[in-house]
Structures are given as structure tokens and as C-alpha cells.
Amino acid sequence: MLSRLLKYFLRQNIFKNRPSSLLCTMSTEPCKPDTAGNPLIGVCQLSCTADKKQNFQKAKSLVEKAVFRGAKMVFLPEAIDYIGETKSQSVEFAESLEGETISGYQDLARKEGIWLSLGGFHQKSDDKQRVLNTHVIIDNQGQIRDTYSKTHLFDLDIKDQVRLCESDYTIPGNKVSFPVKTPAGNVGMEICYDLRFPELSLVLAQQGADILTFPSAFTVTTGMAHWEVLLRSRAIETQCYVVAAAQFGKHNSKRVSYGHSMVIDPWGAVIAQCSDGVDVCFAEINLNMIKKIRDEMPIMRHRRPDLYGFLQSYNKGNIDDTFHYQFGQHSIGCGQVFYKTALSFAFVNIKPVLPGRVLVSSLRPAKRFSDLTSAEVADLSLCVQRVCRAVEAHFKGTSLTIAVQDGPDSGQTVEHVHFHILPRKPADIPNNDDVYRELAKHDQDIQAINRRSEEEMNREAAELRHYFL
């Protein structure tokens with residue numbers, strides 16, 4: 001059967017449809033396209049240090065080289081702004097999207113008429129101790145088309161040997177950015193360590209990505225073992241081009257990167273790769289090849305979600321992006337919400353039975369627990385678990401009461417499934433079973449006295465938000 005399959009693909013010329021850049025990656029002459037109209041891309045390899053101005057000049061020279069070769073889009077690696085010598089320096093040097101670094105690349109894109117993928121820069125955040133690792137796509141007019149902040153953070157902590165924890169100074173992103181339409185195709189944005197999580201790549205492919213990007217600063221040890229095999233795997237399983245611009249070499253006395261920037265085609269072949277040092281390689285993106293492979297081996301249609309479920313992307317977003325949250329027949333102001341996940345939210349109570357009693361509910365209004373999807377059940381459960389830790393710590397509880405009233409005959413008065421979480425202390429309610437009577441009484445008497453003011457609730461929610469930064 002394998003021999004028949006091989007003969008079929010040879011007969012269909014799939015192997016012959018690769019861009020000619022496979023044959024001329026190391027050449028100094030421009031690649032001649034197999035098919036007129038295939039966009040050429042440039043993929044850069046840098047060796048950044050803590051000197052931001054010098055880093056920009058190196059990147060600028062590579063972009064100019066790519067423009068001279070006729071590239072429509074240039075991809076740059078993670079940490080294009082700088083690689084700090086210390087954690088404090090990594091935070092101190094951070095800038096906003098309106099800062100000098102991104103503005104400089106916007107000017108460069110506009111001047112050269114080129115699209116840029118800035119694989120990752122240290123974006124300043126409200127947290128003074130941490131930054132966002134943000135991928136930015138800029139069009140040929142110098143406009144930011146979209147951003148993506150790295151969601152999976154690389155934490156390596158081997159006792160008495162090495163500690164390299166990105167989470168010490170980086171905030172994880174909270175959304176999957178939809179693929180950006182560019183002259184090279186639809187580009188799905190990821191960063192470095194995201195490479196090890198195929199779910200994100202599969203979701204982007206389902207959303208229409210033609211190209212998956214993995215701008216990186218891989219360590220030498222993991223790069224030698226896993227870099228190429230992971231990149232090729234992501235290309236084969238998604239049937240997308242994979243573009244991986246990388247950092248190379250020694251950045252400071254503590255940091256060395258693997259390099260090997262490369263492009264993989266949808267059949268899993270390496271079609272371009274940088275040599276050691278600061279460099280740029282080139283590849284053509286053959287969108288017809290993607291279509292041909294997907295038509296003749298339709299793996300997306302062959303999936304079995306009836307056995308292992310669907311992959312979906314959920315964007316958590318910021319709490320304050322939504323002014324009011326629906327909670328059954330009630331409206332909850334964003335100031336009273338202290339935690340939000342992709343599908344759930346947690347908020348303080350207007351008339352708590354005990355100090356610290358909070359509620360956790362699904363974002364989507366659902367009357368009964370059985371009305372939730374499996375994804376909502378999983379997310380809601382994890383949200384409850386994390387909220388439990390926070391309220392027990394904040395209110396110095398020794399135990400917790402976690403309750404769900406599912407349906408009107410169980411005492412549910414708000415037609416929106418929710419969890420009650422009450423931090424407990426010794427003898428706070430002498431007869432423990434009375435806590436459930438108190439909950440029922442509270443729900444029936446919500447309009448009574450002792451309701452807290454909006455200012456009081458906002459203050460408590462603000463205190464609880466600190467546990468989720």
C-alpha cells in the first residue's frame with residue numbers, strides 16, 4: 001500500500017511543487033519562482049543583546065536586503081528589541097506599542113513598502129514587575145494589523161542546576177489572535193514555546209491560516225534535540241507553511257540561542273534555512289500547493305471529534321473590557337468582577353452570608369448545570385478551584401463551603417448556574433447544616449437591609465484581583 005501511495009503522489013507532482021528556494025537557499029542570487037505570482041518571504045536570524053539601537057540597525061539591514069531580493073513580507077525573531085542581561089533589565093527596558101522600537105519598525109515598513117512580522121518585543125504592562133511578550137504584524141503602510149501575546153511561558157527550574165523561568169517577568173497572553181491576511185497568505189501568530197502545544201496551531205489552521213509563525217530564542221540544548229522535528233511536525237499536521245525566525249549565538253554571559261531559522265512547507269520539507277550568524281533566508285509561499293495537499297489528503301475532515309472533542313479558541317480578554325456582566329435577571333458591574341477566564345467569571349456578593357462569600361458563574365447565561373457544554377463545565381470547575389484558593393487566603397479561612405443550587409426546587413432564585421464559595425472559620429456557623437438555610441434565606445431576601453454599597457464591593461473585588469495577576 002505504501003508503494004502505491006508513493007507512486008500516486010509522484011504522479012500528482014506534489015513533490016515537484018515545492019518552491020525553488022529549496023534548491024537555492026544558500027545562493028546569493030534571487031530565487032526563480034516555479035510559478036509566477038508566488039510571494040517571496042524573507043526570514044531573519046539575529047543575535048540581539050541589551051543594546052536596542054544596535055539590534056534595530058542589524059534588523060534594518062536584513063529587512064533592506066530582503067526588500068532588494070523582492071520579498072513581500074519579512075519575519076523577524078522573538079526579542080527583536082533586546083535580550084536583557086538580568087530580569088530587572090528585561091522589565092526596565094520595556095516599551096509600549098507606541099514606543100520608540102515599534103515606531104521605528106513602522107517607519108521602516110512604510111519606507112520600504114514591506115510587511116513585517118515582529119516576532120516578539122517586551123511590551124510594557126500595568127504590572128511593574130512583568131511585561132508581555134508580544135508579536136506584532138505591521139503592513140506596508142506602517143499600520144499595526146494585529147498583535148498576539150505569548151500564551152505558553154517557558155519555565156525551566158532544575159534544582160541546584162539551572163533556573164530559567166519566563167513567568168518570573170512575563171505575563172501570559174489571554175487570547176488567540178485570528179490569522180492576519182497578508183500578501184504572503186493568512187499568517188497565524190505564535191511565539192517560541194507555543195511550538196510545543198499543537199492545539200494552538202490546529203486551531204489557527206481551522207481558522208484559515210496558511211502560514212504558522214514561531215519566532216524564537218530556543219536554547220541550544222532543546223534546539224539541537226527538538227527544533228526541527230517540532231517545526232516539521234506542526235507543518236505536517238496542519239498542512240501549513242511554518243516560518244521560524246530565530247535568535248542565534250551568545251547574547252550575554254548567561255544566554256546563548258540555537259538559531260537555525262527556517263521555513264517548512266506543508267509537506268514537511270525544510271525549504272529554506274539560515275546558516276550560523278546574522279543572516280536572512282528566502283522562500284516562496286505556494287498557496288496552490290497548500291490547497292492541493294489539503295484536497296488530496298483532507299486530514300481536517302478525517303478528524304474524529306465524536307471520540308476526542310472539538311478544538312476551539314476562547315479569548316479571555318480583560319475584565320474591564322465588558323462594562324456589565326449578565327447574571328440571570330441581574331447586571332453585575334465590571335468593578336465587582338475580580339476574575340475572568342475564557343468561559344467563566346467570579347464576582348463579589350452584594351449581601352454575603354459570611355465575609356468573603358463570592359460567586360462564580362458561566363459567562364454564557366445557562367439556567368441549569370446540565371445546560372453547560374463540556375468545555376464550560378471544565379473551565380467553570382478550574383475557575384472555582386482557583387477562586388477557592390484566593391478567597392481562603394485573603395479572608396484567612398480554614399475551610400470552604402462550595403455549593404451549587406441547580407434548579408428552583410433546590411433554592412436557586414437566579415436563573416443562571418453559579419457556585420457559592422464561602423471561606424469558613426471555626427464556629428462561624430455553630431450548626432454547619434444551617435449554612436444552607438442561610439443561603440436559601442439570603443436568596444429569597446435579596447432586597448432586604450444590609451446590602452453593601454457599590455463602592456464597598458468594588459474595593460473588595462480590587463483586593464481580590466491581586467491574587468490573579
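Residues numbered from 1 in each chain as written. Predicted model: local features only at pLDDT ≥ 70, side-chain atom pairs only at ≥ 80, totals over all residues. Heavy atoms only, no water.

Asker: Help me understand the pattern of salt bridges in this model?
Answerer: Side chains bearing opposite charge may pair, as long as their charged atoms lie close to each other. Applying the stated criterion to the full structure yields 20 salt bridges. With its nearest N and O atoms 3.9 Å apart, the salt bridge here joins K367 to E415. With K367 in the loop between strand 22 (358–362) and helix 10 (374–394) and E415 in the loop between strand 23 (399–404) and strand 24 (418–424), this pair connects stretches of sequence that are 48 residues apart. The salt bridge partner of R368 is D406, with a shortest N-O separation of 2.8 Å. Of this pair, R368 sits in the loop between strand 22 and helix 10 while D406 sits in the loop between strand 23 and strand 24, placing them 38 residues apart in sequence. For R368, a relative accessible area of 35% corresponds to the partly exposed category. One network of salt bridges, with partners in common, ties together E78, K150 and E166. (Salt bridge = Lys/Arg side-chain N within 4 Å of Asp/Glu carboxyl O. Helix = DSSP H or I, 4+ residues; strand = E, 2+ residues; numbered from the N terminus. Buried < 20%, exposed > 50% of the residue type's maximum accessible area, 1.4 Å probe, protein only.)

Asker: Explain the sheet that holds strand 23 to me, please; I cannot follow it from the model alone.
Answerer: Across a sheet, paired strands are connected by hydrogen bonds in the backbone, their directions being either parallel or antiparallel. As summarised here, the arrangement of the five strands in space is 20-21-22-24-23, forming an open sheet in which the pairing is antiparallel. Among the strands making up the open sheet, the edge pair consists of strand 20 (337–340) and strand 23. This sheet shows a mean twist of 20 degrees between the axes of neighbouring strands, independent of strand direction. Bridge count for strand 22 against strand 24 is four bridges, and the pairing is antiparallel. If you follow V358 over to strand 24, its bridge partner there is I421. Relative to the sheet, helix 10 contacts strand 20, strand 21 (344–348), strand 22, strand 23 and strand 24, its axis offset from that of strand 22 by approximately 165 degrees. Against the sheet, helix 12 (residues 454–465) engages strand 20, strand 21 and strand 22, with an angle of about 35 degrees to strand 20. (Pairing = 2+ DSSP bridges. Axes fitted to C-alpha atoms, helices over the stretch in contact; angles between N-to-C directions. Contact = heavy atoms within 4.5 Å.)

Asker: Would you mind showing me how to read the sheet that holds strand 15 (residues 262–264) here?
Answerer: An order of 9-10-11-12-15-16 is seen for the six strands of this open sheet, with the pairing classed as mixed. Across the chains shown, the open sheet's two edge strands, defined by having one partner strand only, are strand 9 (180–182) and strand 16 (270–273). Geometrically, the sheet is characterised by an average inter-axis angle of 25 degrees between neighbouring strands, direction not taken into account. Where strand 10 (residues 185–189) meets strand 11 (residues 211–213), three bridges bridge the pair, whose relative direction is parallel. Among the inter-strand pairings, V187 is bridged to a residue of strand 11, identified as I211.

Asker: What should I look at first to understand the side chain of S257 in this one?
Answerer: Position of S257 among the secondary structure elements: in strand 14 (residues 255–258). There is a polar contact of 2.7 Å between the side chain of S257 and the side chain of H251. Ignoring any residue separated from it by four or fewer positions in sequence, one finds S257 in contact with A217, F218, V220, Q247, F248, G249 and H251. (Polar contact = N/O pair within 3.5 Å; in protein donor to acceptor, adjacent residues only side chain to side chain.)

Asker: What's the story with the packing of helix 6 (residues 198–206) against helix 7 (residues 220–238) in this structure? I'm lost.
Answerer: Between two packed helices, the angle of one axis relative to the other and the distance separating the axes together describe the packing. Packing of helix 6 against helix 7 leaves a shortest axis separation of 10 Å and a crossing angle of 35 degrees. Of the two possible hands of crossing, helix 6 and helix 7 adopt the one that is right-handed. Across the interface between the two elements, P198, S201, L202 and A205 of helix 6 pack against R234, E237 and T238 of helix 7. Across the contact of helix 6 with helix 7, the residue classes break down as three nonpolar, two polar and two charged. (Left-handed = near helix turned anticlockwise from the far one by under 90°. Nonpolar A, V, L, I, M, F, W, Y, C, P; charged D, E, K, R; others polar.)

Asker: Whenever I open this one, the packing of helix 3 (residues 52–69) against helix 5 (residues 100–112) confuses me. Can you help?
Answerer: Contact geometry of helix 3 with helix 5 gives a least axis separation of 11 Å together with a crossing angle of 20 degrees. As judged from the angle between their axes, helix 3 and helix 5 are roughly parallel. As for how helix 3 packs across helix 5, the hand of that crossing is right-handed. Residues K52, K53, F56, A59, K60, V63, E64 and V67 of helix 3 pack against E100, T101, G104, Y105, L108 and E112 of helix 5. Within the contact of helix 3 with helix 5, the residues separate by chemical class into six nonpolar, two polar and six charged. (Parallel < 35°, antiparallel > 145°, perpendicular 65-115°, else oblique.)

Asker: In this structure, what is going on with the packing of aromatic side chains? I would like to understand it.
Answerer: Remark: the centre distance and the inter-plane angle together describe each pair of aromatic rings, the angle taken between the planes. Enumeration according to the criterion identifies eleven aromatic pairs in this entry. With a centroid separation of 5.5 Å and 75 degrees between ring planes, the pair formed by Y82 and F93 is classed as edge-to-face. One end of the pair, Y82, is in the loop between strand 2 (73–76) and helix 4 (87–92); the other, F93, is in the loop between helix 4 and helix 5, with eleven residues separating them in the sequence. The exposure class assigned to F93 is partly exposed, which follows from its relative accessible area of 22%. Geometrically, the ring pair formed by Y339 and F468 is stacked, given 4.3 Å between the ring centres and 15 degrees between the ring planes. Of this pair, Y339 sits in strand 20 while F468 sits in the segment after helix 12, and the two are 129 residues apart along the sequence. For the pair shown, Y339 and F468 are each scored as buried. Feature note: the residues Y325, F327, F345 and F347 constitute an aromatic cluster, connected by ring pairs. Taking the ring centre of F282 as reference, the NZ or CZ of R69 above it sits at 4.1 Å. (Phe/Tyr/Trp six-rings, centres within 6.5 Å; stacked < 30°, edge-to-face > 60°. Lys NZ or Arg CZ within 6 Å of the ring centre and 35° of its normal.)

Asker: What am I meant to see in the pairing of strand 7 (residues 162–165) here?
Answerer: Each regular strand carries side chains that alternate between the two faces of the sheet. Pairing of strand 6 (residues 155–158) with strand 7 involves four bridges; the strand directions are antiparallel. In the strand pairing of strand 7, D155 is matched with C165. Linking two consecutive strands that pair antiparallel, namely strand 6 and strand 7, is a turn of three residues; a positive phi of about 65 degrees is found at D160 within it.

Asker: What's the story with the nonpolar core in this structure? I'm lost.
Answerer: In globular proteins that are soluble, nonpolar side chains generally tend to be buried together. Ranked by internal contacts, the top residues of the largest apolar core, which has 47 residues, are I41, M73, W227, L231, Y241 and V263. With near-sequence residues (within four places) excluded, I41 lies in contact with A71, M73, F75, A184, V243, V263, C281, F282, A283 and I285. The next biggest cluster of nonpolar side chains, apart from the first, holds 28 residues, and it includes C44, I80, I102 and I114. (Core = buried A, V, L, I, M, F, W, Y, C linked by side-chain atoms within 4.5 Å.)

Asker: Which parts of the structure should I look at to understand the pairing of strand 17 (residues 279–284)?
Answerer: Across the six residues of strand 17, six count as buried, placing the element largely inside the fold. Of the strand pairs in this sheet, strand 1 (residues 40–46) and strand 17 are connected by six bridges, and their pairing is antiparallel. By the bridge assignment for strand 17, C44 is matched with V280.

Asker: Before we go on, may I ask you to explain the confidence of the model for the protein in this structure?
Answerer: Caution applies to low-pLDDT parts of the model: their predicted coordinates are not meant to be read in detail. Taken residue by residue, the protein gives an average pLDDT of 89. The fraction at 70 or more is 90%. pLDDT under 50 marks residues 15–35. Its contacts with residues more than four places away, or in other chains, come to 46 contacts. (pLDDT = per-residue confidence, 0-100.)

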